[in-house]
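Per-entry structural report
Each chain, letter by letter, is given below.
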Amino acid sequence: GDLILAPRPIKIWLPPGYHDNDDRPTRDGEENEDALRGQQGHPVLYVHDGQNAMEDTESWTGASWRLMGALTRLADHQLIGNGQKKTSEKPMLPIVVLLPSAEGDLLP
């Protein structure tokens, strides 16, 4: 038989600077190709049991993983982002997609 899980809210964390190019010029609702040239995409991190990642109040244990602080510290030490190369560029933090587990979603 088919298994259908109940819908659940998904949260997305956008890193600092993600919207820095929002004021790029557009042409008839299309993105300007010149403005997009040289722009890099962000890596994406999918976090299962995402309710435990950021907020203590949302974690079933009462203590979150403090993921955003960990990502920021790793970037500050250039341990993530920019292909782990030591550069003067600011490391690119990932977009984080938080996928929460559902109440009672242990499957038989």
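Read on for a plain summary of the structure. The model shown is predicted, which means the values in this text are computed figures rather than measured ones.

Some details on the overall build of the protein chain
Within the protein chain, the regular secondary structure consists of 2 helices and 5 strands. For the protein chain, the sequential pattern of α-helices and β-strands runs β-β-β-α-β-α-β. The 108 residues of the protein chain split such that 25% are buried. Residue pairs in contact within the protein chain that sit at least 24 positions apart in sequence constitute 57% of those at least 6 positions apart. Entry remark: accessible area of the protein chain is about 8300 Å², with carbon and sulfur atoms responsible for 53%.

Observations concerning the environment of Ile-95
Among the structural elements, Ile-95 can be located in strand β5 (residues 95-99). Counting along the chain gives 82 residues from Ile-95 to Trp-13, while the straight-line C-alpha distance between them is 5.9 Å. Setting aside chain neighbours within four positions, we find Ile-95 in contact with Ile-12, Trp-13, Leu-14, Pro-15, Tyr-18, His-42, Pro-43, Val-44 and Leu-45.

Some remarks on the sheet that holds β5
A sheet is described by the order of its strands in space; here 3 strands give the open sequence β1-β5-β4, paired in mixed fashion. On the outer flanks of this sheet lie β1 (11-13) and β4 (44-48), each paired with one strand and no other. Each neighbouring strand pair of the sheet contributes to a mean axis angle of 20 degrees, computed without reference to strand direction. Of the strands in this sheet, β1, β4 and β5 are in contact with helix α2 (residues 67-76), which crosses β5 at around 155 degrees.

Quick word on the nonpolar core
One broad trend across soluble globular proteins is that nonpolar side chains are buried collectively. Trp-13, Val-47, Ala-53, Leu-67, Met-68, Leu-71, Ala-75, Ile-80, Leu-93, Val-96 and Leu-98 form the largest nonpolar core, which has 11 residues in total. Counting only elements with at least two residues in this core, the list comes to α2 and β5. If you tally residues by element for this core, the top one is α2, at 4 residues. Once you skip the residues sitting within four places of it in the chain, Leu-71 turns out to touch Ile-80, Leu-93, Pro-94 and Val-96.

Reading guide: rules and limits
Residues numbered from 1 in each chain as written. Predicted model: local features only at pLDDT ≥ 70, side-chain atom pairs only at ≥ 80, totals over all residues. Heavy atoms only, no water. Helix = DSSP H or I, 4+ residues; strand = E, 2+ residues; numbered from the N terminus. Buried < 20%, exposed > 50% of the residue type's maximum accessible area, 1.4 Å probe, protein only. Contact = heavy atoms within 4.5 Å. Areas by Shrake-Rupley, 256 points an atom, 1.4 Å probe, with all protein chains shown as cover. Pairing = 2+ DSSP bridges. Axes fitted to C-alpha atoms, helices over the stretch in contact; angles between N-to-C directions. Core = buried A, V, L, I, M, F, W, Y, C linked by side-chain atoms within 4.5 Å.

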